[in-house]
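# Chains, contacts and geometry: an overview
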Amino acid sequence: LSQDPMDFEWSYWIEWGRERILWLLAGHLLVSQVSRLLVEKYKPWCLMIYGMAACWLLLGIKGFAVILLHATISFAVAQFQLSLLTWLCSLILLSTLRIPAVEEAKRKWYDTENEYYLLLFTVSVRCLFCTSFSLEYCWQGPAQKSFHSFLWMLAYVFYYPMFHNGPLMNFDEFSKQMRRKEAFSLKTNLSILIVGLIRIFFWWCLAELMIHLMYIHALYSSGQPLEAASYWALGGLALAQVLFFYVKYLVLYGVPALLLQMDGLKPPALPCCVSLMHSFTKMWRTFDVGLHRFLVRYIYVPMGGSQSSLLGMLFSTALTFAFVSYWHGGQSYLWYWGALNWLGVIVESGVKRILSISLIQDLI
């Protein structure tokens, strides 16, 4: 059977995975287990060196230099310990990915478009990691200074399982867990690995079946079948697409999550099944847990969040969705997507507030 070629993300990461990334992840696993067994104290630095070497190998010296430059600039700006300045630096660094002249120059570094896109995706995700470290640096006390050194930033930014596509783990969680000393059992880790690989293989088979049999994305890219379809069929297609998106991310986040477990870290929870969702708020909380924690910790809460007035809550939620839309690429359809999600969350929040009034509860 021929497969549906229209889901770029799945085809792209599966191709890279088969070619190089899975082998590099296997190398990380080997380095991690040997360092845990022999030099537990130096594990973060062993993994940092491996991540830097893997980055150099995959993205070349110029790609490696770009990521190192982003980390260095972020760390230098963080020295002022001003959150607003750190955010300004992060947004400027993110905006450099959208400058046509810079894009063209980076394209010339590589033989294929796929290699350029790998750099683009990696730098986009690294921007979030640099932002997390820098903001934690701004908020840290003098006692925590040694755990917020440039070396720790490099260990965090170049940690390979989360390097190209996430999932996202905030620096405060990463550093606490990486410093934690715990008993190491090769037998326990082996059983975690075997069970994890079986689960990921099952999810991968399911995703491949969906892409070979359902042709959801091919149907979406052609206007004629959509115009001819009934509303029930369109609803079914929409459900099929989000279900494939869910299964896809079980694989794309499942592989790094398994490696995080093998490293003695607790990964963000994998996406929750979209068929169980009935609210925008729950969808945002449970689909990409790492991104949700980032947004809440660094944007929503500092801007007032649910503790502020109604207008303050509206503004902090709007700012959160504006950042998500901009980080994903900032195209016009992403702004519409962000605005509709913001509206969904606001309506839900408003209805909840109305239903919490005692008079309304009595009526119900």
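Worth saying up front: this structure is predicted, and the values here are computed from it rather than measured. (Residues numbered from 1 in each chain as written. Predicted model: local features only at pLDDT ≥ 70, side-chain atom pairs only at ≥ 80, totals over all residues. Heavy atoms only, no water.)

### Some remarks on the UniProt feature "transmembrane region" (unreviewed entry) in the protein chain
Here, UniProt's "transmembrane region" (unreviewed entry) annotation points to residues 20–39, 46–69, 75–95, 116–135, 147–169, 190–211, 231–252 and 310–328. Secondary structure across residues 46–69 divides into 100% helix and 0% strand, with the first and last C-alpha atoms of the span separated by 21 Å. Annotation note: span residues 310–328, helix share 95%, strand share 0%, distance between end C-alpha atoms 27 Å. (UniProt positions renumbered as here; feature names shortened; annotations may be inferred. Helix = DSSP H or I, 4+ residues; strand = E, 2+ residues; numbered from the N terminus.)

### Things to note about the domain arrangement of the protein chain
If you check the domain split of the protein chain, you get domain 1 (8–179) and domain 2 (269–363). Taking the mean C-alpha position of each, domain 1 and domain 2 sit 27 Å from one another. Between domain 1 and domain 2 lies a buried interface of about 1,400 Å² when both sides are counted; carbon and sulfur atoms form 63% of it. The three residues of domain 1 that bury the most area against domain 2 are W87, R98 and L128, which together make up 36% of that side's buried surface. Counting the contacts that link domain 1 with domain 2 gives three salt bridges. Put simply, D172 and R297 hold a salt bridge, and the shortest N to O gap is 3.7 Å. Our enumeration of links across domain 1 and domain 2 arrives at nine residue pairs in polar contact (both at pLDDT 80 or more). Of all elements in the fold, only helix 3 (83–95), helix 5 (113–139) and helix 7 (171–179) reach the threshold of two or more residues within the side of domain 1 that touches domain 2. Looking at the side of domain 1 that touches domain 2 residue by residue, the classes come out as nine nonpolar, five polar and four charged. (Domains from an automatic or database assignment. Buried area = accessible area lost by both parts, 1.4 Å probe. Salt bridge = Lys/Arg side-chain N within 4 Å of Asp/Glu carboxyl O. Polar contact = N/O pair within 3.5 Å; in protein donor to acceptor, adjacent residues only side chain to side chain. Nonpolar A, V, L, I, M, F, W, Y, C, P; charged D, E, K, R; others polar.)

### Section: the packing of helix 5 against helix 6 (residues 150–157)
Where helix 5 contacts helix 6, the two axes come as close as 10 Å, and the packing angle between them is 150°. When the axes of helix 5 and helix 6 are compared, the crossing they make is right-handed. Along its contact with helix 5, which presents R126, F129, C130, S132, F133 and S134, the element helix 6 presents W152, M153, Y156 and V157. Split into classes, the residues belonging to the contact of helix 5 with helix 6 amount to seven nonpolar, two polar and one charged. (Axes fitted to C-alpha atoms, helices over the stretch in contact; angles between N-to-C directions. Left-handed = near helix turned anticlockwise from the far one by under 90°. Contact = heavy atoms within 4.5 Å.)

### Let's talk about the nonpolar core
F158, F174 and F323 are the most contacted members of the largest nonpolar core, which totals 90 residues. A domain-level breakdown of this core finds at least three residues from each of domain 1 (8–179) and domain 2 (269–363). Every residue in contact with F323, bar those within four places of it in the chain, is listed here: W87, L91, L94, L128, F294, L295 and I299. (Core = buried A, V, L, I, M, F, W, Y, C linked by side-chain atoms within 4.5 Å. Buried < 20%, exposed > 50% of the residue type's maximum accessible area, 1.4 Å probe, protein only.)

### Examining the packing of aromatic side chains
Any pair of aromatic rings gets described here by the distance separating the centres and the angle formed by the planes. Going through the model one piece at a time under the given rule, you end up with 36 aromatic pairs. Centre to centre, the rings of F133 and F171 are 4.7 Å apart; their planes meet at 70°, and the pair counts as edge-to-face. Taken as a pair, F133 in helix 5 and F171 in helix 7 lie far apart in primary sequence, 38 residues in all. Among the residues examined, F133 registers a relative accessible area of 0% and is labelled buried. Their ring planes at 70° and their centres at 5.1 Å tell us that Y156 and F171 sit as a pair that is edge-to-face. Note that Y156 is positioned in helix 6 and F171 in helix 7, a separation of 15 residues in sequence. Summarising the burial analysis for this pair, Y156 and F171 share the class buried. Among the aromatic side chains, those forming a connected cluster through ring pairs are F75, F129, F133, Y137, F150, Y156, Y159, F171 and F174. (Phe/Tyr/Trp six-rings, centres within 6.5 Å; stacked < 30°, edge-to-face > 60°.)

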